[in-house]
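# Report on the structure
What follows is the residue order along each chain.
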Amino acid sequence: MKPPTLSPLAYRRLCLVAVVALAAIVVTGGAVRLTGSGLGCSTWPQCEPGSYTSAIAFRPLVEFGNRMVTIAVGVITAAVAGGSLLLRPRRRDLVWLAWGLVLGYVAQAVLGGLTVLYKLSPLLVMGHFLVSMLLLWDAIVLHRRAGQRAGTRPRSVVGPELRWLARLLVGTAGVVLVMGTFVSGTGPHSGDLGTHRLGLISLRDISQLHADFVLFLTGLTVATLVALQVAKSPAVPLRWARILLVVIVVQGAVGFAQYFLHLPSGLVGLHVAGATVFWVVTLYFSLDLSAREPVTAAEPVVDVPSRAALPV
Ligand code: HEM
């Protein structure tokens, strides 16, 4: 019997589902922290000793609900990894990226468990968020590559100066995210009342530093946008750069508002969601600075010969 196969276009759609799911879980994870439900389940992988399900109470249900979302993301990740093996023609680059998601998922499950066991240590919570950003990176590269034909060379659609500017922009975006987690680790939203906080510098100073990097990033994004326009670059990167600038301005406004309003949970939740959207847009922007031939519905199907058919 022939094993089932997957077309390149169907696989690309599956990868997009993974991108959406991996972005969504950052927001549901943020909801756990912001409703103080981090210790809604007192242990892991069980919720309470002797029970995998939670009590019918707000905080345990929020934490338990997030664990259910985690399972859904696990199923999608497994489908993407399994799908990479069923894809015809099979692509080594996609197999690596897809199984990288499995590795990252396992790392997140362990890190999530440690976070509960170590009573929401800020460094572990920060690590948990940042590994999610790496997973999103992997999923987005996978989604883009899955839409491009195997073995074709990437062709830069902008000049080398713009590529350097874009690299600096992506690097700064990463620094802004890391700085943001330091602000969260210092601020009051630990996930549960009474958890110790990072005390490296005051909340005011760390927020100031975070905002300074955001201002630098805003300048870089404006410069990139102007350079793209002057160089008459193709529409796709130009559109991403415009969207990125809007996202940064809105996210920056939410950032200042939450700071001056003393960090109300609703605005902080919006800021976590905004940070995720910001990272997704930054990555698609940088990937779309180069192009490869797209896959088509009529992609040649190369059958991998079964063992029995191989010459001895
Ligand atoms: C592009 C713009 C921005 C991005 C991408 C960004 C990103 C982030 C991230 C990733 C976090 C950590 C979220 C978490 O660990 O759950 C964070 C937290 C924070 N950010 Fe921003 N940020 C931006 C702009 C700003 C600005 C302009 C301010 C103004 C002061 C600001 C103030 C804060 C504060 C106060 C927190 C801590 C919230 C908490 O208690 O959890 N952010 N930011």
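Bear in mind that the values here come from a model prediction, so they are computed numbers and not experimental data. (Residues numbered from 1 in each chain as written. Predicted model: local features only at pLDDT ≥ 70, side-chain atom pairs only at ≥ 80, totals over all residues.)

### Some details on the overall build of the protein chain
Tallying secondary structure elements over the protein chain gives 8 helices and 2 strands in all. Since a compact globule built from 312 residues should have a radius of gyration of about 20 Å, the 22 Å found for the protein chain is in line with a globular shape. Seen through its C-alpha atoms, the protein chain measures out along the principal axes to roughly 65 × 60 × 30 Å. Split into buried and exposed, the 312 residues of the protein chain put 34% on the buried side. In the protein chain, once contacts between residues fewer than 6 apart in sequence are set aside, the share between residues at least 24 apart is 75%. (Helix = DSSP H or I, 4+ residues; strand = E, 2+ residues; numbered from the N terminus. Rg over C-alpha atoms; globule rule 2.2 N^0.38 Å. Buried ≥ 20, exposed ≤ 12 C-beta atoms within 10 Å, placed from the backbone. Contact = placed C-beta atoms within 7 Å.)

### Quick word on the confidence of the model for the protein chain
When pLDDT is averaged across the protein chain, the result is 91; 94% of the residues are at 70 or more. Within the model, pLDDT remains below 50 along residues 301-312, and this stretch shows 5 contacts once partners closer than five positions in the same chain are excluded. (pLDDT = per-residue confidence, 0-100.)

### Observations regarding the packing of helix α5 (residues 160-186) against helix α8 (residues 265-287)
At a closest axis distance of 10 Å, the pairing of α5 and α8 adopts a crossing angle of 165 degrees. Here α5 is positioned roughly antiparallel relative to α8, judged by the angle of their axes. The handedness of the crossing between α5 and α8 is left-handed. Of α8, the residues touching α5 (which contributes Ala166, Val170, Ala173, Leu177 and Gly180) are Ala275, Trp279, Thr282 and Ser286. The residue makeup of the contact of α5 with α8, split by class, is 6 nonpolar, 3 polar and no charged. (Axes fitted to C-alpha atoms, helices over the stretch in contact; angles between N-to-C directions. Parallel < 35°, antiparallel > 145°, perpendicular 65-115°, else oblique. Left-handed = near helix turned anticlockwise from the far one by under 90°. Nonpolar A, V, L, I, M, F, W, Y, C, P; charged D, E, K, R; others polar.)

### Section: the site of the ligand
Near the ligand, the surroundings consist of 27 residues, among which Gly180, Ser184, Gly187, Gly255 and Ala275 are the closest. Contributing elements (two or more residues each) for the shell around the ligand: α5, α6 (203-230), α7 (235-260) and α8. The greatest single-element share of the shell around the ligand, amounting to 7 residues, is contributed by α7. In terms of residue class, the shell around the ligand is made up of 14 nonpolar, 13 polar and no charged. (Near = placed C-beta within 6 Å.)

### Notes on helix α3 (residues 92-117)
When the terminal C-alpha atoms of α3 are compared, their 38 Å separation across 26 residues agrees well with the 38 Å that a helix rising 1.5 Å per residue should span. Turning to α3, its buried residues number three or more, namely Leu94, Leu97, Ala98, Leu101, Gly104, Tyr105, Gln108, Gly112 and Thr115. Note on α3: the residue one or two positions beyond its end, lysine 119, has a positive phi of about 50 degrees. (Expected span 1.5 Å × (residues − 1).)

### What about the environment of leucine 124?
Tracing the sequence through the fold places leucine 124 in helix α4 (residues 122-146). Using a count of 18 C-beta atoms within 10 Å as the deciding quantity, one classes leucine 124 as partly exposed. Counting along the chain gives 11 residues from leucine 124 to glycine 113, while the straight-line C-alpha distance between them is 9.9 Å.

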